[in-house]
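If you want the building blocks of each chain, they are given just below.
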Amino acid sequence: MKIDGTAFRSIWIDETDRWSVRIIDQTKLPWAIEMPRFTTLDQVAHAISAMLVRGAPLIGATAAYGVALAMRADPSDASLDAAIETLAATRPTAINLRWALARMQSVLHDHPKAERAEAAYGEAAAICDEDVATNRAIGRHGLKLIETRARAGRRVNILTHCNAGWIATVDWGTALAPIYMAHDAGIDVHVFVDETRPRNQGASLTAWELGKHGVAHTVIADNAGGHLMQRGAVDMAIVGTDRVTSAGDVANKIGTYLKALAARDNGVPFYVALPSSTIDWAIADGLSDIPIEERAATEVTTVTGRALDGSIATVRVVPKDSNAANPAFDVTPARLVSGLITERGICAANAHALAAMFPEHAQRRAA
Ligand SMILES: CSC[C@H]1O[C@H](OP(=O)(O)O)[C@H](O)[C@@H]1O
């Protein structure tokens, strides 16, 4: 995507040093655009756990480069195992992290040590390029859903939660990819952007992305979505996901389940956009089998933003003696999902439809 006319991916290799991995520091957006460079495994691991980079596909792609940097420093088996373990421990919910690490492990495990760094570097680059193509395909399939609602001269109002845009992936995004394509096709599309407390990925990241691309949008409090759906203001919802089970249960940012309930109660189609690398074929029951990340209470008790004097400030919004809980994700049962928008097309959120869309995985599970 472009930032003020310049094309960007959310992760890239520095043009002056092929062993410097560059990212956009998402903890600084929308107030500043900072693009730190990483040259070590530990820098990458911190960037994922502290959410300088975030979003399931981007977490996986970044971890892949973390393995490559580790192999450059020490291509031994012990180093490879330690890198995989360190990166796997950064965040528990997004399955793309494990998917990418398993892919790196399978490529490198039997690879000659002297060539491991280059092989890892190449595989990480391939993961990034594939993610861009995958998300572009998700956009094309999701665009059809928007086109069917874009009756002549009528604005299409879409609600999204958290950030599943291009900065949550290598490029294009998942939930936002169809929206970008609809906008670029001249469809009058407007997005209700859930602020998405506590880290405000919607207010700070989705609003920033959409604004940079010129997409009409309105930031709303997380609690306003149901009200808008009740009054017919929302034509459909499209969200991203961090893990979908083989039966179609969806883990996504906290608050997604509540939006899915409101959507079902008001007859609003509720779609989830995802690359197949987000499907966890090993589990079926999301509520019992998807680990939900519990993040620091300070993310709930404080808010960071730009003060009126222009400085960046973090303020408490909860009395210091009050406890706070911070589950970062919830699970939306498949029965509340209208459809899954994947790189191969749109399918129902159930085991049969997913097996038909991705038979190679169903056969592997059956074996
Ligand atoms: C395209 S995956 C986006 C997905 O990831 C976000 O979680 P986080 O910001 O904690 O990495 C959120 O669940 C988004 O829907």
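Keep in mind the model is a prediction, meaning the values are calculated, not measured.

1. Let's talk about the pairing of strand β12 (residues 270-273)
Residues Phe270 and Val272 point to one face of β12 and Tyr271 and Ala273 to the other, with burial holding for every one of them. As paired strands, strand β9 (residues 236-239) and β12 are joined by 3 bridges and run parallel to one another. Residue pairing for β12: Val239 is matched across the bridge by Val272.

2. Quick look at the site of the ligand
Taken together, 18 residues are adjacent to the ligand, and Arg54, Arg91, Asp242, Asn252 and Lys253 come closest. One nitrogen or oxygen atom from the main chain of Gly55 is found 2.9 Å from an oxygen atom belonging to the ligand. The separation between an oxygen atom of the ligand and a polar side-chain atom of Asn252 is 2.5 Å. Look at the ligand: alone it shows 400 Å² of surface, and the protein chains cover 100% of it. Taken together, the elements giving at least two residues each to the shell around the ligand come down to α2 (56-73) and β11 (250-253).

3. Looking at the nonpolar core
Ranked by internal contacts, the top residues of the largest apolar core, which has 79 residues, are Val67, Leu87, Trp166 and Ile179. When near neighbours in sequence (up to four residues on either side) are disregarded, Trp166 contacts Met1, Ile3, Phe8, Arg9, Ser10, Ile24, Asp171, Trp172, Gly173, Tyr180, Trp208 and Glu209. Within the second largest apolar cluster, 29 residues are counted, among which are Val268, Phe270, Leu274 and Ile279.

4. Thoughts on the sheet that holds strand β5 (residues 37-38)
Spatial strand order, β3-β4-β5: 3 strands in an open sheet with antiparallel pairing. Each end of this open sheet is capped by a strand with a single partner; those strands are β3 (11-13) and β5. Pairing of strand β4 (residues 21-23) with β5, which is carried by 2 bridges, proceeds in the antiparallel orientation. Bridge pairing links Arg22 to Arg37 in β5. Lying on the sheet, α2 is in contact with β3, β4 and β5; it crosses β3 at an angle near 30°.

5. Remarks on the pairing of strand β8 (residues 216-220)
Where strand β7 (residues 189-194) and β8 come together, 5 bridges link them in parallel fashion. Counted as the bridge partner of His190 is Ala216 from β8. For the crossover from β7 across helix α7 (residues 201-213) to β8, the handedness is right-handed.

What counts, and at which threshold
Residues numbered from 1 in each chain as written. Predicted model: local features only at pLDDT ≥ 70, side-chain atom pairs only at ≥ 80, totals over all residues. Heavy atoms only, no water. Buried < 20%, exposed > 50% of the residue type's maximum accessible area, 1.4 Å probe, protein only. Helix = DSSP H or I, 4+ residues; strand = E, 2+ residues; numbered from the N terminus. Pairing = 2+ DSSP bridges. Near = heavy atom within 4 Å. Polar contact = N/O pair within 3.5 Å; in protein donor to acceptor, adjacent residues only side chain to side chain. Areas by Shrake-Rupley, 256 points an atom, 1.4 Å probe, with all protein chains shown as cover. Core = buried A, V, L, I, M, F, W, Y, C linked by side-chain atoms within 4.5 Å. Contact = heavy atoms within 4.5 Å. Axes fitted to C-alpha atoms, helices over the stretch in contact; angles between N-to-C directions. Right-handed = clockwise from strand over helix to strand, strands pointing away.

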